[in-house]
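# Tertiary structure, described
Residues per chain, in single letters:
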Amino acid sequence: MTRSFWLFVGPFFLGLLVFVYVPIGWSVLLSFFDARNTVTPTTFVGFDNYADMLTDGPFLQSLGTFSVFALFVVPLTFVLALALALLVNGIRFMQAFFRSVFFLPFACSYVVASLVWKLSLFNGVRYGLANTVLGWFGAEPIAWTVTPPWYWVVLVTLRLWLQLGFYMILFIAGLQRIPHHLYEAAWIDGARPWQALRHITLPQLRTTSVAVLLLLLIAAYQAFDEFYNVLGSGPFGRPPLVYLYYTSLGSGGQDFGHGSAGAVILSLLIAGVTLAQGRVFTR
(Lines give C-alpha, C1' and ligand atoms only; values in the text may rest on other atoms or scores of the structure.)
Protein backbone atom coordinates (compact mmCIF):
# COMPACT_ATOMS: atom_id res chain seq x y z
CA MET A 1 0.00 0.00 0.00
CA THR A 2 2.77 2.46 0.92
CA ARG A 3 4.82 1.57 -2.14
CA SER A 4 1.83 1.98 -4.44
CA PHE A 5 0.98 5.30 -2.82
CA TRP A 6 4.45 6.76 -3.36
CA LEU A 7 4.61 5.29 -6.87
CA PHE A 8 1.60 7.37 -7.92
CA VAL A 9 2.05 10.41 -5.68
CA GLY A 10 5.87 10.59 -5.69
CA PRO A 11 6.42 12.20 -9.14
CA PHE A 12 3.76 14.86 -8.52
CA PHE A 13 5.05 15.56 -5.02
CA LEU A 14 8.61 15.86 -6.35
CA GLY A 15 7.51 18.32 -9.04
CA LEU A 16 5.55 20.33 -6.48
CA LEU A 17 8.55 20.40 -4.17
CA VAL A 18 11.08 21.41 -6.85
CA PHE A 19 9.00 23.92 -8.78
CA VAL A 20 6.77 25.40 -6.05
CA TYR A 21 7.92 24.96 -2.46
CA VAL A 22 11.68 25.36 -3.01
CA PRO A 23 11.27 28.62 -5.04
CA ILE A 24 8.87 29.98 -2.41
CA GLY A 25 11.29 29.16 0.39
CA TRP A 26 14.22 30.61 -1.55
CA SER A 27 12.25 33.80 -2.23
CA VAL A 28 11.55 34.21 1.48
CA LEU A 29 15.26 33.70 2.17
CA LEU A 30 16.29 36.26 -0.46
CA SER A 31 13.95 38.83 1.08
CA PHE A 32 16.33 39.12 4.06
CA PHE A 33 19.43 39.70 1.90
CA ASP A 34 20.81 42.32 -0.45
CA ALA A 35 20.57 40.18 -3.59
CA ARG A 36 21.26 42.28 -6.67
CA ASN A 37 21.90 40.63 -10.02
CA THR A 38 22.14 37.26 -8.28
CA VAL A 39 19.81 34.71 -6.71
CA THR A 40 22.52 33.74 -4.22
CA PRO A 41 22.18 35.47 -0.82
CA THR A 42 25.08 37.84 -0.19
CA THR A 43 24.72 40.53 2.49
CA PHE A 44 22.20 39.97 5.27
CA VAL A 45 20.03 43.08 5.78
CA GLY A 46 17.27 41.71 8.01
CA PHE A 47 13.96 43.48 7.59
CA ASP A 48 15.41 46.46 5.69
CA ASN A 49 13.96 45.23 2.38
CA TYR A 50 10.51 44.99 3.96
CA ALA A 51 10.81 48.49 5.44
CA ASP A 52 11.89 49.87 2.06
CA MET A 53 8.93 48.26 0.28
CA LEU A 54 6.42 49.43 2.88
CA THR A 55 7.67 53.01 2.50
CA ASP A 56 8.00 52.79 -1.28
CA GLY A 57 5.43 55.07 -2.90
CA PRO A 58 5.05 53.13 -6.18
CA PHE A 59 4.57 49.81 -4.37
CA LEU A 60 1.91 51.26 -2.07
CA GLN A 61 0.31 52.87 -5.13
CA SER A 62 0.24 49.46 -6.80
CA LEU A 63 -1.60 48.04 -3.78
CA GLY A 64 -4.10 50.88 -4.18
CA THR A 65 -4.49 49.92 -7.83
CA PHE A 66 -5.27 46.38 -6.75
CA SER A 67 -7.90 47.66 -4.33
CA VAL A 68 -9.67 49.59 -7.10
CA PHE A 69 -9.48 46.62 -9.46
CA ALA A 70 -10.83 44.23 -6.82
CA LEU A 71 -13.56 46.71 -5.88
CA PHE A 72 -14.87 46.58 -9.45
CA VAL A 73 -14.19 42.97 -10.43
CA VAL A 74 -15.13 40.96 -7.32
CA PRO A 75 -18.73 42.16 -6.76
CA LEU A 76 -19.50 42.43 -10.49
CA THR A 77 -18.27 38.91 -11.21
CA PHE A 78 -20.07 37.50 -8.17
CA VAL A 79 -23.44 39.05 -9.01
CA LEU A 80 -23.30 38.38 -12.76
CA ALA A 81 -22.05 34.80 -12.33
CA LEU A 82 -24.87 34.09 -9.84
CA ALA A 83 -27.45 35.64 -12.18
CA LEU A 84 -26.19 33.61 -15.14
CA ALA A 85 -26.20 30.44 -13.05
CA LEU A 86 -29.82 31.02 -12.02
CA LEU A 87 -30.85 31.65 -15.62
CA VAL A 88 -28.98 28.70 -17.12
CA ASN A 89 -29.98 26.32 -14.34
CA GLY A 90 -33.64 27.32 -14.77
CA ILE A 91 -33.97 26.71 -18.52
CA ARG A 92 -35.47 23.45 -19.73
CA PHE A 93 -33.70 23.07 -23.08
CA MET A 94 -30.13 23.38 -24.43
CA GLN A 95 -28.76 23.81 -20.91
CA ALA A 96 -25.49 22.06 -21.77
CA PHE A 97 -25.08 24.34 -24.80
CA PHE A 98 -25.42 27.53 -22.77
CA ARG A 99 -23.09 26.21 -20.07
CA SER A 100 -20.46 25.52 -22.73
CA VAL A 101 -20.92 28.89 -24.45
CA PHE A 102 -20.45 30.87 -21.25
CA PHE A 103 -17.58 28.68 -20.06
CA LEU A 104 -15.53 28.75 -23.30
CA PRO A 105 -13.90 32.19 -22.68
CA PHE A 106 -12.30 30.76 -19.52
CA ALA A 107 -10.20 28.48 -21.76
CA CYS A 108 -8.88 31.46 -23.72
CA SER A 109 -5.38 32.77 -23.09
CA TYR A 110 -5.28 35.96 -21.03
CA VAL A 111 -2.56 37.31 -23.32
CA VAL A 112 -4.57 36.69 -26.49
CA ALA A 113 -7.73 38.14 -24.96
CA SER A 114 -5.80 41.21 -23.77
CA LEU A 115 -4.46 41.87 -27.25
CA VAL A 116 -7.92 41.44 -28.78
CA TRP A 117 -9.38 43.90 -26.28
CA LYS A 118 -6.53 46.37 -26.84
CA LEU A 119 -6.16 46.18 -30.63
CA SER A 120 -9.72 45.47 -31.79
CA LEU A 121 -12.40 46.36 -29.27
CA PHE A 122 -10.87 49.29 -27.40
CA ASN A 123 -8.31 50.54 -29.88
CA GLY A 124 -7.38 54.17 -29.31
CA VAL A 125 -8.11 55.11 -32.93
CA ARG A 126 -11.47 55.68 -34.58
CA TYR A 127 -11.47 52.21 -36.13
CA GLY A 128 -11.77 50.29 -32.87
CA LEU A 129 -15.18 48.73 -32.20
CA ALA A 130 -15.90 50.85 -29.11
CA ASN A 131 -14.94 54.09 -30.86
CA THR A 132 -16.94 53.07 -33.92
CA VAL A 133 -20.06 52.71 -31.77
CA LEU A 134 -19.35 56.06 -30.11
CA GLY A 135 -18.98 57.61 -33.55
CA TRP A 136 -22.52 56.55 -34.41
CA PHE A 137 -23.72 58.87 -31.65
CA GLY A 138 -21.41 61.72 -32.67
CA ALA A 139 -18.93 61.26 -29.79
CA GLU A 140 -15.20 61.74 -30.17
CA PRO A 141 -12.86 58.70 -30.10
CA ILE A 142 -11.38 57.80 -26.73
CA ALA A 143 -7.82 56.59 -26.16
CA TRP A 144 -9.05 53.80 -23.91
CA THR A 145 -5.77 52.31 -22.74
CA VAL A 146 -3.93 55.54 -21.94
CA THR A 147 -6.69 57.77 -20.59
CA PRO A 148 -7.79 57.47 -16.96
CA PRO A 149 -10.34 56.36 -15.90
CA TRP A 150 -11.33 54.76 -19.20
CA TYR A 151 -8.67 52.04 -19.03
CA TRP A 152 -10.64 50.54 -16.13
CA VAL A 153 -13.44 49.78 -18.61
CA VAL A 154 -10.99 47.77 -20.71
CA LEU A 155 -9.50 45.87 -17.77
CA VAL A 156 -12.77 45.11 -15.98
CA THR A 157 -14.71 44.00 -19.07
CA LEU A 158 -11.79 41.81 -20.13
CA ARG A 159 -11.61 40.07 -16.75
CA LEU A 160 -15.38 39.66 -16.64
CA TRP A 161 -15.47 38.02 -20.08
CA LEU A 162 -12.65 35.65 -19.18
CA GLN A 163 -13.76 34.41 -15.78
CA LEU A 164 -17.54 34.82 -15.63
CA GLY A 165 -18.27 31.38 -17.07
CA PHE A 166 -16.04 29.56 -14.60
CA TYR A 167 -17.75 31.00 -11.55
CA MET A 168 -21.14 30.45 -13.20
CA ILE A 169 -20.30 26.73 -13.33
CA LEU A 170 -19.43 26.78 -9.62
CA PHE A 171 -22.76 28.37 -8.78
CA ILE A 172 -24.64 25.89 -11.00
CA ALA A 173 -22.97 23.03 -9.13
CA GLY A 174 -24.12 24.60 -5.87
CA LEU A 175 -27.66 25.12 -7.17
CA GLN A 176 -27.96 21.49 -8.25
CA ARG A 177 -27.11 20.37 -4.71
CA ILE A 178 -30.10 22.19 -3.18
CA PRO A 179 -32.86 19.69 -2.30
CA HIS A 180 -35.84 20.27 -4.59
CA HIS A 181 -38.34 19.50 -1.83
CA LEU A 182 -37.40 22.83 -0.18
CA TYR A 183 -38.74 24.71 -3.21
CA GLU A 184 -41.83 22.48 -3.35
CA ALA A 185 -42.60 23.29 0.28
CA ALA A 186 -42.11 26.99 -0.42
CA TRP A 187 -44.45 26.89 -3.42
CA ILE A 188 -47.10 25.09 -1.38
CA ASP A 189 -46.82 27.81 1.27
CA GLY A 190 -47.32 30.43 -1.43
CA ALA A 191 -43.78 31.86 -1.43
CA ARG A 192 -42.92 34.17 -4.29
CA PRO A 193 -39.81 33.53 -6.46
CA TRP A 194 -37.83 36.33 -4.82
CA GLN A 195 -38.72 34.95 -1.38
CA ALA A 196 -37.51 31.48 -2.38
CA LEU A 197 -34.31 33.08 -3.66
CA ARG A 198 -33.75 34.98 -0.42
CA HIS A 199 -34.71 32.30 2.10
CA ILE A 200 -33.70 29.10 0.29
CA THR A 201 -31.29 29.63 -2.59
CA LEU A 202 -28.91 32.16 -1.08
CA PRO A 203 -28.58 30.42 2.34
CA GLN A 204 -28.03 27.06 0.63
CA LEU A 205 -25.33 28.66 -1.55
CA ARG A 206 -23.42 30.05 1.43
CA THR A 207 -20.50 27.62 1.13
CA THR A 208 -20.24 28.10 -2.63
CA SER A 209 -20.48 31.88 -2.25
CA VAL A 210 -17.62 31.96 0.24
CA ALA A 211 -15.45 29.85 -2.06
CA VAL A 212 -16.26 32.06 -5.07
CA LEU A 213 -15.48 35.25 -3.17
CA LEU A 214 -12.16 33.89 -1.93
CA LEU A 215 -11.16 32.73 -5.41
CA LEU A 216 -12.16 36.08 -6.91
CA LEU A 217 -10.17 38.01 -4.34
CA ILE A 218 -7.05 35.91 -4.83
CA ALA A 219 -7.37 36.16 -8.61
CA ALA A 220 -7.69 39.94 -8.39
CA TYR A 221 -4.53 40.14 -6.27
CA GLN A 222 -2.70 38.04 -8.86
CA ALA A 223 -3.77 40.12 -11.86
CA PHE A 224 -0.86 40.47 -14.24
CA ASP A 225 -1.47 39.51 -17.87
CA GLU A 226 -4.19 42.02 -18.68
CA PHE A 227 -2.38 44.89 -16.95
CA TYR A 228 0.95 44.08 -18.59
CA ASN A 229 -0.46 43.55 -22.09
CA VAL A 230 -3.08 46.32 -22.07
CA LEU A 231 -1.30 49.08 -20.15
CA GLY A 232 2.29 47.96 -20.81
CA SER A 233 4.85 50.03 -18.93
CA GLY A 234 2.61 53.08 -18.72
CA PRO A 235 2.37 55.19 -15.58
CA PHE A 236 -1.23 54.27 -14.80
CA GLY A 237 -1.35 52.13 -11.73
CA ARG A 238 0.62 48.95 -12.09
CA PRO A 239 -0.79 46.17 -9.90
CA PRO A 240 1.57 44.58 -7.36
CA LEU A 241 2.75 41.71 -9.58
CA VAL A 242 3.59 44.04 -12.46
CA TYR A 243 5.45 46.39 -10.13
CA LEU A 244 7.39 43.51 -8.58
CA TYR A 245 8.24 42.27 -12.06
CA TYR A 246 9.84 45.61 -12.92
CA THR A 247 11.53 45.78 -9.51
CA SER A 248 13.14 42.36 -9.89
CA LEU A 249 13.82 42.30 -13.63
CA GLY A 250 13.32 45.85 -14.83
CA SER A 251 15.73 48.28 -16.40
CA GLY A 252 17.03 49.41 -13.01
CA GLY A 253 18.81 46.13 -12.40
CA GLN A 254 17.84 42.79 -10.94
CA ASP A 255 16.95 43.53 -7.33
CA PHE A 256 15.75 40.16 -6.10
CA GLY A 257 15.95 41.17 -2.43
CA HIS A 258 13.36 43.94 -2.65
CA GLY A 259 11.32 42.00 -5.20
CA SER A 260 11.14 38.97 -2.90
CA ALA A 261 10.23 41.14 0.08
CA GLY A 262 7.41 42.70 -1.91
CA ALA A 263 6.20 39.24 -2.96
CA VAL A 264 6.15 38.07 0.65
CA ILE A 265 4.24 41.19 1.72
CA LEU A 266 1.72 40.63 -1.04
CA SER A 267 1.33 36.95 -0.11
CA LEU A 268 0.77 37.79 3.56
CA LEU A 269 -1.75 40.45 2.58
CA ILE A 270 -3.65 37.97 0.39
CA ALA A 271 -3.62 35.36 3.15
CA GLY A 272 -4.77 37.83 5.80
CA VAL A 273 -7.62 39.29 3.75
CA THR A 274 -8.67 35.83 2.59
CA LEU A 275 -8.83 34.43 6.13
CA ALA A 276 -10.68 37.48 7.41
CA GLN A 277 -13.18 37.37 4.56
CA GLY A 278 -13.73 33.64 4.97
CA ARG A 279 -14.36 34.04 8.70
CA VAL A 280 -16.82 36.92 8.17
CA PHE A 281 -18.85 35.19 5.47
CA THR A 282 -18.85 31.87 7.26
CA ARG A 283 -20.45 33.55 10.26
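Reference entry: report on the structure contained in this document. Just so you know, these numbers come straight off a predicted model, no measurement behind them. (Residues numbered from 1 in each chain as written. Predicted model: local features only at pLDDT ≥ 70, side-chain atom pairs only at ≥ 80, totals over all residues. Heavy atoms only, no water.)

## Focus: the environment of Thr 274
As for its position among the elements, Thr 274 is in helix α13 (residues 256-282). Sequence-wise, Thr 274 and Leu 217 are 57 residues apart; in three dimensions their C-alpha atoms are separated by 7.4 Å. Beyond its immediate chain neighbours, meaning those up to four positions away, Thr 274 contacts Leu 214, Leu 217 and Ile 218. (Helix = DSSP H or I, 4+ residues; strand = E, 2+ residues; numbered from the N terminus. Contact = heavy atoms within 4.5 Å.)

## Some remarks on the packing of helix α4 (residues 95-103) against helix α7 (residues 151-176)
Put simply, α4 and α7 touch, their axes get as near as 8 Å, and they point 145° apart. Across from Gln 95, Arg 99, Phe 102 and Phe 103 in α4, the residues of α7 making contact are Gly 165, Phe 166, Met 168, Ile 169, Ile 172 and Gln 176. Of the residues contributing to the contact of α4 with α7, the split by class is six nonpolar, three polar and one charged. (Axes fitted to C-alpha atoms, helices over the stretch in contact; angles between N-to-C directions. Nonpolar A, V, L, I, M, F, W, Y, C, P; charged D, E, K, R; others polar.)

## Considerations on the packing of aromatic side chains
Between two aromatic rings, the relevant description is the distance of the centres plus the angle of the planes. The full count for this structure, using the stated rule, is 21 aromatic pairs. On the numbers, 5.4 Å between centres and 40° between planes, the contact of Tyr 151 with Trp 152 is tilted. Both residues of the pair, Tyr 151 and Trp 152, count as buried. A connected cluster of aromatic rings, assembled from ring pairs, spans Phe 69, Phe 72, Tyr 151, Trp 152 and Phe 227. (Phe/Tyr/Trp six-rings, centres within 6.5 Å; stacked < 30°, edge-to-face > 60°. Buried < 20%, exposed > 50% of the residue type's maximum accessible area, 1.4 Å probe, protein only.)

## What to know about the packing of helix α8 (residues 180-188) against helix α9 (residues 193-204)
Axis separation between α8 and α9 bottoms out at 11 Å; the angle between their running directions is 165°. Between α8 and α9, the crossing angle belongs to the class labelled roughly antiparallel. In the packing of α8 onto α9, the handedness of the crossing is right-handed. Residue-level contacts link Leu 182, Tyr 183 and Ala 186 of α8 to Ala 196, Ile 200, Thr 201 and Gln 204 of α9. Of the residues contributing to the contact of α8 with α9, the split by class is five nonpolar, two polar and no charged. (Parallel < 35°, antiparallel > 145°, perpendicular 65-115°, else oblique. Left-handed = near helix turned anticlockwise from the far one by under 90°.)

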